Amino acid sequence: MMTIRINYQKKVSKKTSSSNLILFADEKFNIGSSKKYLSTFENSYINDLLKACDLKKKILVFELSSKKKIFLISIKTNLKNFDIENLGSELYVTINSLKNTEYTIISESVIENHHNFIAHFLHGIKLKSYEFKKYKTKKKFHNISIFVAGNKNKPTIQTQIKFRSLEEGTFYARDLVSEPGNILHPDEYVKRLSSLKKNGLKINILDKKKLKKLGMNALLGVGMGSIRGSYLVTMEWNGAKKKSKPLAFVGKGVTFDTGGYSLKPARFMEDMTYDMAGSAAVVGLMKTLALRKAKVNAVGVVGLVENMISGVAQRPGDIVKSYSGKTIEVLNTDAEGRLVLADALTYTERKYKPKFIVDLATLTGAIIVCLGSEYAGLFSNDDKLSKQLLNAGEKVQEKLWRMPLHKNYDKLMNSKNADVQNINYIGGAGSTTAAQFLKRFILNKTPWAHLDIAGMAFSKYGGSLNSGGATGFGVRLLNELIEENYE
């Protein structure tokens, strides 16, 4: 297990300068004023070694003794925030392979014109350090202390709270996605959401009985085959001074997806524990907003179900009446996420009358065929909201690619026996027709965006800011959307 402790110091003490030092340099590895923290011998030794080093690397490590290493990090001009975070991530990979436990960052050498360099650098280290080792019986503990010396570039308390809140929200989302299906079933998920009341969120839980009374038969149909409950949970954060319309975020929370009677192949079915990653992103976002006391009104809505097989499970060909009043022919029980979202979207729009709705879901394998694991698919009825999301995604490198919606796709989802069918049997445009289906359940022309995150929620191999497994995709993206445009 990895624990990283960050400590800020006003000055570089003699004890600190004798430990492992992290210094920032220019593109040619000139360390400038940071030379004063090294002895004459150390400066001379490093200069000699630099002559034989590959200066194209971003990080160079010099071992001065068994107890002291010098890390030189090359800083290019005009770095973006995500570039700095990636440098932090790369440093973490380096120090994680070492046995050393204490490091000192000389913050005085940071580029003068970059706002919050140290905060973004540490953010990258923390995000990369996440591990899910909860069920390992033999745990290896590795604690790292990082001292940030010098007041010159120290992040403000408010900035520290912001990044810490964002990390906690992202890690909470990753934890939820990482849990196995036998642990995080809908009943347990609801208990965990209830615990978020302590963070200042208003939690409201609609169980089967309440959902049935409301007429949410599309959502309920998905969970019919499970012995677990089915729920719609709302999380409200009211941080704006005035009672303005909230921003709404809706997540698909299928805690395990067998595919129902339209059974998935056995190979890779174990990955279907992450079919609730859309809901986890919404939960992580709401926790982040509460922890950092965001000056905005927001609501998170998640539909929690388990798609199983039993004698009472939903069958292909069943027809259900959704909360909107529209009837749906369920031709494929493995196209279940859109049924959950259909009721959740209409309920969110009717109850909260929000400024906009953004939903997130691991909805289609087709989006992975199209975009792989580089971009999530963005579908929207609103150009302004789309542009804001695209810009936010670029800033935090949780990238989106806008995909088409068009009324001509509707004919592929029209049913002979009901108002709409849940799959396109003709074939093609799998992600678009799924989004076109969802669009029918936005009844009052509310600005809406659907993010298909099937290729982004889980990484087998790891990415720049995660070490493999659950990514928490969506938390940082949506926090950036709010921070840049609505606070």
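Source: prediction; values computed, not measured.

*Asks:* I tried to follow the packing of aromatic side chains on my own but got confused; where do I start?
*Replies:* Note on aromatic pairs: each is described by the distance of the centres and the angle between the planes. Here the structure, examined in full by the defined rule, presents 13 aromatic pairs. Residues Phe 24 and Phe 121 carry aromatic rings whose centres are separated by 5.2 Å and whose planes lie at 85° to one another, so their mutual orientation is edge-to-face. Placement of the pair is Phe 24 in strand β2 (residues 20-25) and Phe 121 in helix α4 (residues 117-128), with a sequence separation of 97 residues. Assigned by exposure class, Phe 24 and Phe 121 land together as buried. With centroids separated by 5.8 Å and ring planes inclined at 80°, the aromatic side chains of Phe 249 and Phe 356 adopt a geometry described as edge-to-face. Pair noted here: Phe 249 is in strand β9 (residues 247-257) and Phe 356 is in strand β13 (residues 356-361), with a separation of 107 residues, a long-range link. In this structure, Phe 249 and Phe 356 share a single accessibility class: buried.

*Asks:* Could you clarify how one ought to interpret the environment of Ser 467 in this entry?
*Replies:* As for its position among the elements, Ser 467 is in the loop between β18 (458-459) and β19 (469-470). Residue Ser 467 is classed as partly exposed on the basis of its relative accessible area, which comes to 42%. Ser 467 sits 336 residues away from Glu 131 along the chain, and the two C-alpha atoms are 7.4 Å apart. Ignoring anything within four residues of it in the chain, the contact list for Ser 467 reads Lys 128, Tyr 130 and Gly 462.

*Asks:* Just to check I follow, could you spell out the packing of helix α9 (residues 277-291) against helix α14 (residues 475-485) for this structure?
*Replies:* To describe two helices that pack against each other, one gives the angle between their axes and the distance between the axes. For the pair α9 and α14, interaxial distance at closest approach is 9 Å and the crossing angle is 50°. In terms of axis orientation, α9 runs oblique to α14. As for the relative orientation of α9 and α14, their crossing is right-handed in sense. Here α9 contributes Ala 281, Gly 284, Leu 285, Thr 288 and Leu 289 to the contact with α14, which in turn contributes Val 475, Leu 478, Asn 479 and Ile 482. For the contact of α9 with α14, the per-class residue count stands at six nonpolar, three polar and no charged.

*Asks:* How do you make sense of the pattern of salt bridges when you look at a structure like this?
*Replies:* Inspection of every chain in the model, using the stated rule, returns 20 salt bridges. Note that Glu 167 and Lys 126 form a salt bridge whose closest N and O atoms lie 3.5 Å from each other. Of this pair, Glu 167 sits in helix α5 (residues 157-178) while Lys 126 sits in helix α4, and the two are 41 residues apart along the sequence. Residues Glu 167 and Lys 126 agree in their burial class; the two are buried. For the salt bridge of Arg 292 with Glu 487, the shortest nitrogen-to-oxygen distance reads 2.6 Å. Of this pair, Arg 292 sits in the loop between α9 and β10 (297-307) while Glu 487 sits in the segment after α14, and the two are 195 residues apart along the sequence. Note on Glu 487: relative accessible area 41%, which makes it partly exposed. Among the charged side chains, a network of salt bridges with common partners joins Lys 134, Glu 179, Glu 188 and Arg 192.

*Asks:* In this structure, what is going on with the sheet that holds strand β11 (residues 318-321)? I would like to understand it.
*Replies:* Strand pairing in a sheet takes place through backbone hydrogen bonds and is either antiparallel or parallel in direction. In spatial order, the strands read β11-β12-β16; together these three strands make up an open sheet with mixed pairing. A single partner strand is all that each edge strand has here, and the edge strands are β11 and β16 (420-421). As paired strands, strand β12 (residues 327-330) and β16 are joined by two bridges and run parallel to one another. Looking at the pairing, Glu 329 lines up with Gln 421 of β16.

*Asks:* Sorry if this is basic, but what is going on with the side chain of Ser 89 here?
*Replies:* Tracing the backbone through its elements, the reader meets Ser 89 in helix α3 (residues 81-96). Ignoring any residue separated from it by four or fewer positions in sequence, one finds Ser 89 in contact with Gly 124, Ile 125, Lys 128, Ser 464 and Leu 465.

*Asks:* Can you walk me through the nonpolar core in this structure?
*Replies:* One recurring pattern in soluble globular proteins is that nonpolar side chains are buried together. In terms of nonpolar packing, the biggest core is built from 56 residues, with Phe 249, Val 358 and Leu 389 touching the most fellow members. For this core, the element with the highest residue contribution is α9, accounting for nine residues. Not counting chain neighbours up to four residues away, the residues in contact with Val 358 comprise Ala 248, Phe 249, Val 250, Leu 385, Leu 389, Ala 449, Leu 451 and Leu 478. Counting 37 residues, the second largest nonpolar core, distinct from the first, contains Leu 220, Val 222, Val 301 and Tyr 347.

*Asks:* Can you help me understand the sheet that holds β10 in this one?
*Replies:* Sheet architecture is open: eight strands sit in the order β7-β8-β10-β9-β13-β17-β14-β15, paired in mixed fashion. Two strands in the sheet have a free side with no partner beyond their single neighbour: β7 (202-206) and β15 (400-402). Adjacent strand axes in the sheet meet at a mean angle of 20° when their direction is disregarded. Strand direction decides the pairing type here: β13 and strand β17 (residues 448-452), joined by five bridges, are parallel. Bridge pairing links Ile 357 to Trp 448 in β17. Strands β7, β8 (231-238), β9, β10, β13 and β17 of the sheet are contacted by helix α10 (residues 337-352), whose axis makes an angle of about 155° with β9. Packed onto the sheet, α14 meets β9, β13, β15 and β17 and runs at close to 175° relative to β9.

*Asks:* I'm lost on unusual backbone geometry in this one. Help?
*Replies:* When glycine is set aside, most residues are seen to have a negative phi, and most peptide bonds are trans. Not every positive phi belongs to a glycine, and Phe 29 is a case in point at roughly 65°. Here Ala 429, not a glycine, exhibits a phi torsion of approximately 50°, which is positive. With respect to the element layout, Ala 429 can be found in the loop between β16 and α13 (430-439). Owing to a relative accessible area of 34%, Ala 429 belongs among the partly exposed residues under this scheme.

*Asks:* I would appreciate a short explanation of the side chain of Thr 433 in the present structure.
*Replies:* With respect to the secondary-structure elements, Thr 433 resides in helix α13. A polar contact of 2.8 Å, which involves the side chain of Thr 433, links it to the backbone oxygen of Ala 429. The contact partners of Thr 433, leaving out residues within four places of it in the chain, are Tyr 409, Leu 412, Met 413, Asn 424 and Gly 428.

*Asks:* Even after reading the chapter, I still don't get the environment of Asn 143, so can you show me in this structure?
*Replies:* Within the element layout of this structure, Asn 143 appears in strand β6 (residues 142-149). Asn 143 sits 43 residues away from Asn 100 along the chain, and the two C-alpha atoms are 9.3 Å apart. With residues up to four places along the chain from it excluded, the contact list for Asn 143 reads Thr 3, Arg 5 and Thr 101. In this structure the side chain of Asn 143 is engaged in a polar contact, spanning 3.4 Å, whose partner is the side chain of Thr 3.

Reading guide: rules and limits
Residues numbered from 1 in each chain as written. Predicted model: local features only at pLDDT ≥ 70, side-chain atom pairs only at ≥ 80, totals over all residues. Heavy atoms only, no water. Phe/Tyr/Trp six-rings, centres within 6.5 Å; stacked < 30°, edge-to-face > 60°. Helix = DSSP H or I, 4+ residues; strand = E, 2+ residues; numbered from the N terminus. Buried < 20%, exposed > 50% of the residue type's maximum accessible area, 1.4 Å probe, protein only. Contact = heavy atoms within 4.5 Å. Axes fitted to C-alpha atoms, helices over the stretch in contact; angles between N-to-C directions. Parallel < 35°, antiparallel > 145°, perpendicular 65-115°, else oblique. Left-handed = near helix turned anticlockwise from the far one by under 90°. Nonpolar A, V, L, I, M, F, W, Y, C, P; charged D, E, K, R; others polar. Salt bridge = Lys/Arg side-chain N within 4 Å of Asp/Glu carboxyl O. Pairing = 2+ DSSP bridges. Core = buried A, V, L, I, M, F, W, Y, C linked by side-chain atoms within 4.5 Å. Polar contact = N/O pair within 3.5 Å; in protein donor to acceptor, adjacent residues only side chain to side chain.

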